[in-house]
Amino acid sequence: YYEQIQQSGNLKITGQLAAAVAHEIRNPLTVVKGFLQLFEQDSSFSPDRKGHFTLMIGELNTAEQVISQFLSIAKPENEKAPETVNVKQVLQSVTDLLHSYGHLHDNTIELTVTEDCSISANTIEFKQLLINIIKNAIEASNEGDSVFVSARREKDEVIIKVVDQGQGMTETEVASLGTPFYSLKSKGTGLGMMISFNIVEKYNGKMDFQSAKGQGTTVTISFPAI
Ligand code: ADP
Ligand code: MG
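By convention here, each chain's residues receive numbers from 1 onward along its written sequence. Whichever chain is written first is A, and whichever ligand is written first is 1; the rest continue in order. In keeping with the predicted nature of the model, local features appear solely for residues at pLDDT of at least 70, side-chain atom pairs appear and are counted solely at 80 or more, and the whole-chain, interface and lining totals rest on all residues.

1. Observations concerning the site of ligand 1
So, step 1. Placing the C-beta atom from the backbone, one calls a residue near a molecule or strand if that atom lies within 6 Å of it. Around ligand 1, a shell composed of 21 residues is seen, among which Ala140, Ser183, Gly188, Gly192 and Met193 lie nearest.
So, step 2. Each helix is a run of DSSP H or I of at least 4 residues and each strand a run of E of at least 2, with the numbering of both proceeding from the N terminus. Elements supplying a minimum of two residues to the shell around ligand 1: helix H4 (123–140) and helix H6 (192–202).
So, step 3. When residues in the shell around ligand 1 are grouped by element, the largest group, four residues, is from H4.
So, step 4. In this classification, the charged set is Asp, Glu, Lys and Arg, the nonpolar set is Ala, Val, Leu, Ile, Met, Phe, Trp, Tyr, Cys and Pro, and all remaining amino acids, among them Gly, are polar. Residue classes in the shell around ligand 1 are distributed as eight nonpolar, eleven polar and two charged.

2. Points about unusual backbone geometry
So, step 1. One non-glycine residue with positive phi stands out, namely Lys155, at about 55 degrees.
So, step 2. As for its placement among the helices and strands, Lys155 is situated in the loop between strand E4 (146–154) and strand E5 (157–164).
So, step 3. A positive phi angle is found at Asn204, which is not glycine, with a value near 60 degrees.
So, step 4. Within the fold, Asn204 resides in the loop between H6 and strand E6 (206–212).

3. A closer look at the nonpolar core
So, step 1. One finds Val87, Leu130 and Ile134 to be the most contacted residues of the largest nonpolar core, which totals 34 residues.
So, step 2. Elements with a contribution of two residues or more to this core: helix H3 (87–104), strand E3 (118–121), H4, E4, E5, H6 and strand E7 (216–224).
So, step 3. When residues in this core are grouped by element, the largest group, nine residues, is from H4.
So, step 4. Note on contacts: residues are paired as contacts if their backbone-placed C-beta atoms lie within 7 Å. Not counting residues up to four positions away in its chain, the partners in contact with Leu130 are Val90, Leu91 and Val94. The nonpolar core criterion groups buried Ala, Val, Leu, Ile, Met, Phe, Trp, Tyr and Cys residues into a set whenever they are joined through C-beta atoms within 7 Å. Residues are called buried when their C-beta atom has 20 or more other C-beta atoms within 10 Å, exposed when it has 12 or fewer, and partly exposed otherwise; all C-beta atoms are positioned from the backbone.

4. Looking at the sheet that holds E6
So, step 1. As summarised here, the arrangement of the five strands in space is E2-E4-E5-E7-E6, forming an open sheet in which the pairing is mixed. Here the strands that pair on one side only, and so sit at the sheet edges, are strand E2 (108–113) and E6. Ignoring which end each strand starts from, the neighbouring axes of this sheet average 15 degrees apart.
So, step 2. At least two bridges found by DSSP between two strands are what make those strands a pair. In this sheet, E4 lies alongside E2 in parallel orientation, the contact comprising six bridges. Counterpart to Ile109 in the pairing with E4 is Val147.
So, step 3. Helix axes are fitted only over the stretch in contact, all axes being lines through C-alpha atoms; the angle between N-to-C directions runs from 0 to 180 degrees. Most of the contacts of H3 go to E2, to which it runs at about 170 degrees, and overall it touches E2, E4 and E5.
So, step 4. Set on the sheet, H4 makes contact with E2, E4, E5 and E7; between it and E5 the angle comes to about 20 degrees.

5. A word on the pairing of E3
Strand residues, when the strand is regular, have side chains that alternate between the two faces of the sheet.
So, step 1. Residues of E3 alternate between two faces, with Ile119 and Ala121 buried on one and Ser118 and Ser120 left unburied on the opposite face.
So, step 2. Relative to E3, strand E1 (residues 83–86) runs antiparallel, the two sharing four bridges. Opposite Glu83, over in E3, you have Ala121 as the bridge partner.

6. With respect to the confidence of the model for the protein chain
So, step 1. Summing up the model confidence of the protein chain, the mean pLDDT is 87 and the portion of residues at 70 or higher is 90%.
So, step 2. Values of pLDDT, the confidence the predictor places in each residue, fall between 0 and 100. Here helix H1 (residues 2–41) stands out as the least confident element of the protein chain, with mean pLDDT 78; E7 is the most confident, with 98.

7. Here's the deal with H4
So, step 1. Take the number of residues in a helix, subtract one, and multiply by 1.5 Å to get its expected span. Taking 1.5 Å of rise per residue, 18 residues should cover 26 Å, and H4 covers 26 Å from first to last C-alpha, within 8% of that figure.
So, step 2. Of all 18 residues in H4, 13 are buried; the element is thus mostly enclosed.

8. So, the environment of Asp164
So, step 1. The residue Asp164 is located in strand E5 in this model.
So, step 2. Accessibility expressed as a C-beta count within 10 Å gives 27 for Asp164, which makes it buried.
So, step 3. C-alpha separation for the pair Asp164 and Gly216, spaced 52 residues apart in sequence, amounts to 5.3 Å.
So, step 4. Ignoring any residue separated from it by four or fewer positions in sequence, one finds Asp164 in contact with Ala137, Ala140, Ser141, Asp145, Val147, Gly216 and Thr217.

9. Concerning the packing of H4 against H6
So, step 1. Contact pair H4 / H6: the axes reach a minimum separation of 9 Å and the direction vectors enclose 140 degrees. Comparing their axes, H6 and H4 come out oblique. As H4 runs across H6, the sense of the crossing is left-handed. Within the contact between the two elements, H4 uses Glu125, Gln128, Leu129, Asn132, Ile133 and Asn136 and H6 uses Gly192, Ile195, Ser196, Ile199 and Val200. With respect to orientation, any angle under 35 degrees is reported as roughly parallel, any angle over 145 as roughly antiparallel, any angle of 65 to 115 as roughly perpendicular, and every other angle as oblique. Helix crossings fall into two classes, left-handed where the near helix is turned counterclockwise from the far one by less than a right angle and right-handed where it is turned clockwise.

Structure follows, in structure tokens:
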């Protein structure tokens, strides 16, 4: 019991710290984006160069989104009401987005959605969840492997599966998922899974991992269907 209390206290401090860091990062990002927007309008730059500025602004927008996302989890008072999310649409846009990321490692993402299904959630948060899970699957994959993403409706649930054929995890590693800053990657943050579990829980979902070292991982996420 005592351990539990201490753990939730640690989590609270970690959350506050992360929120403060996120704030401090957002300000310089805004300044850099402002200058890039000026350059983008500046006729002394070549169209090629302007294209680069547009790309950089797009990337900064993504970074800003991630930070806002994170802040909304760390400080749940800026809540928005859940909306009806079309799972197929979001999965399509997320896999499109991650297509080039997978390409870097020569991985393909194969998406199967058999029918339209919807859940009640915040679209940005749901996207964030899927990006975190699919990115992890790509990062765990060996060169040339495929990542399989699927969604289907089963009774009153929407079931999303992300299957990779990558490095897999031991039982202990699976048990560590969601612990703040737990990462086995040299450049990992160890925040993706913590955020993902938060989002799943917030919309009454469940997330389950089946994994075998050296064989791959299947992540099964389910949400109440609407
Ligand atoms: P990060 O990706 O920054 O390391 P995450 O919270 O997203 O942080 O993941 C934590 C750790 O969980 C990863 O470093 C990795 O060791 C493990 N992990 C997550 N997903 C997978 C997967 N599909 N296959 C193997 N390991 C995984
Ligand atoms: Mg990750």
